[in-house]
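What follows is the residue order along each chain.
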Amino acid sequence: MSKTAILDFTKKYGVLLGLGGVIAFFAFESPNYFFTASNFVVISKQSAVNILLALGEMFAILTAGIDLSVGSVAALAGAFFAGTTLAAGGNIFFGALAGLGIGAAFGLLNGILVTGGKLPPFIGTLATMSIARGLVLMYTHGRPIWGLPESFSYIGQGSFLGIPVSIIIMVIAFILVWITLGLTRFGRNVYATGGNIRAARAAGIKIKSVLITVYVISAFFAALGGMVLTSRLGTAQPNAGTGYELDAIASVVLGGTSLFGGEGWVVGTIIGGFLIAVLNNGMTIINISPYTQEVVKGIVIVLAVLLTTFEKEYWNE
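Along each chain, numbering runs from 1 in the same order as the chain's sequence is written. Local features in this predicted model are restricted to residues whose pLDDT is 70 or higher, and side-chain atom pairs enter the listing and the counts only when it is 80 or higher, whereas totals over whole chains, interfaces and linings include all residues. Hydrogens are left out, water is left out, and the side-chain values use all remaining heavy atoms of the structure.

Novice: Would you explain unusual backbone geometry in this entry?
Specialist: The bulk of non-glycine residues show a negative phi, and the bulk of peptide bonds are trans. Positive phi is not limited to glycine here, since Ala64 has a value of about 65°. The numbering of helices and of strands both runs from the N terminus, where a helix is a DSSP run of H or I of at least 4 residues and a strand a run of E of at least 2. Residue position: Ala64 is located in the loop between α2 (37-62) and α3 (70-87). Of note, the phi angle at Asn287 is positive, near 65°, even though the residue is not glycine. Structurally, the position occupied by Asn287 is in the loop between α12 (266-285) and α13 (290-316).

Encoded structure:
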């Protein structure tokens, strides 16, 4: 097998091999607790929120950008979801509209800062990350929002035909993203913008429109993930979503999406998100310190980025 074929295989299926290796390790370390059907259902539920954030984050990274605000936007949307539900007399429909609306608004702000303000995505979304987190604390007064109706917990804790609703939402989101990126003109424009923005502009692609839409999508999925998280907890926590942006970025990069833009695999992002969930779950089961867990995840991100950099240098030779 040639070097090119090996690199191609590793780039696309390396995350699947990594997931298999991690599962095998934790299954060996804790077969009675980790390697059980009930625990894999728990992992699937836990991965749903991160995968929703990662699916949105993937759009930003495909354009050679990044969205650091997804964790804070998720928390803000969850708080608005809970607060508006209470204000509307327990009507979760209005609560959901408020949560998704505030998410889309932050995505629009991110897109305007990147396109109109000419801010690098890292700086623009770093600023909105801080703004969104501050708004969460202001809105909640730094205290959890509780006393929510039983129906509020349905999307995070309920089941439909025996399948957790959060997993159903995740699968629907995956299908929509797969169709959007793989079968639509907009999806092709996203890849083209990240692959070579000058060539995309010369081809008549409206770069500003693409980028603004990309950040709205990213924030929308972050808001959806935040609502699922808040529903699962049954309360809106002001510190919810802290660090979730790192897990989302790690899931996307581990899944084979290049940080340099223009290249990515939706299925890989799903597998990457599940890999992060397995790591979190497995390390907790075998009693690894939460501080050590952060170190391990940091190392995983570094390795993924180094692999991406190596691939880019290889193809440029």
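Next, the rest of the story.
Novice: How do you make sense of the nonpolar core when you look at a structure like this?
Specialist: It is characteristic of soluble globular proteins that their nonpolar side chains tend to be buried jointly. Counting 82 residues, the largest nonpolar core has Leu181 and Val278 as the members making the most contacts within it. Counting residues per element, this core draws most heavily on helix α10 (residues 207-233), at 14 residues. The contact definition used throughout considers only heavy atoms, calling two residues in contact when any of these lie within 4.5 Å. For Leu181, the residues in contact, after removing those within four places along its chain, are Met58, Phe59, Leu62, Gly187, Arg188, Val190, Tyr191 and Val266. By nonpolar core is meant a set of buried Ala, Val, Leu, Ile, Met, Phe, Trp, Tyr and Cys residues that side-chain atoms within 4.5 Å join together. Only protein chains enter the accessibility calculation, which uses a 1.4 Å probe; a residue is then buried when its area is under 20% of its type maximum, exposed when over 50%, and partly exposed in between.

Novice: Before we go on, may I ask you to explain the environment of Phe35 in this structure?
Specialist: Note that Phe35 resides in the loop between α1 (3-29) and α2. A sequence separation of 33 residues divides Phe35 from Leu68, and the C-alpha atoms of the two residues are 33 Å apart. Residues within four places of Phe35 in sequence aside, it is in contact with Ile23, Ala27, Ser30 and Phe40.

Novice: Is there a simple way to explain the packing of aromatic side chains in this structure?
Specialist: Each pair of aromatic rings is reported with the distance of its centres and the angle of its planes. Within 6.5 Å between ring centres, the rings of Phe, Tyr and Trp (the latter by its six-membered ring) count as paired, and their orientation is classed by plane angle as stacked under 30 degrees, edge-to-face over 60, tilted in between. Going through the model one piece at a time under the given rule, you end up with eight aromatic pairs. Arranged with centres 5.2 Å apart and planes meeting at 65°, the rings of Phe25 and Phe26 form a pair that is edge-to-face. When the ring of Phe34 is compared with that of Phe40, the centres are 5.6 Å apart and the planes differ by 65°; the resulting orientation is edge-to-face.

Novice: Teacher, can you tell me more about α2 here?
Specialist: An α-helical turn contains 3.6 residues, so any two residues separated by three or four positions project in the same direction. For a helix, the expected span equals 1.5 Å multiplied by the residue count minus one. Over its 26 residues, α2 runs 35 Å from end to end, which matches the ideal 38 Å to within 8%, given 1.5 Å per residue. Roughly 35° is the biggest bend found in α2, and it falls at Ala48. Among the 26 residues that make up α2, 19 are buried, leaving the element largely enclosed by the rest of the structure. In the segment just after α2, Ala64 is the residue with positive phi, at about 65°. Across the chain, bend at a residue is computed as the angle between axes fitted to the seven residues ending at that point and the seven starting from it.

Novice: Please explain the packing of α2 against helix α11 (residues 244-254) as it appears in this structure.
Specialist: Helix-helix packing is characterised by the crossing angle of the two axes and by the distance between the axes. Convention adopted: a line fitted to C-alpha atoms gives each axis, helices being fitted over their contacting stretch, and angles between N-to-C directions are expressed from 0 to 180 degrees. Packing of α2 against α11 leaves a shortest axis separation of 8 Å and a crossing angle of 65°. Viewed along their axes, α2 and α11 adopt a mutual orientation that is roughly perpendicular. The chirality of how α2 crosses α11 is right-handed. Of α11, the residues touching α2 (which contributes Val49, Asn50, Leu53, Ala54, Glu57, Met58 and Ile61) are Tyr244, Asp247, Ala248, Ile249, Ser251 and Val252. Gly is placed with the polar residues, together with every amino acid not listed as nonpolar (Ala, Val, Leu, Ile, Met, Phe, Trp, Tyr, Cys and Pro) or charged (Asp, Glu, Lys and Arg). Taken together, the residues of the contact of α2 with α11 sort by class into nine nonpolar, two polar and two charged. Just so you know how the angles are binned, under 35 degrees is roughly parallel, over 145 roughly antiparallel, 65 to 115 roughly perpendicular, and the rest oblique. Two helices crossing with the near one rotated counterclockwise from the far one by less than a right angle form a left-handed crossing, whereas a clockwise rotation gives a right-handed crossing.

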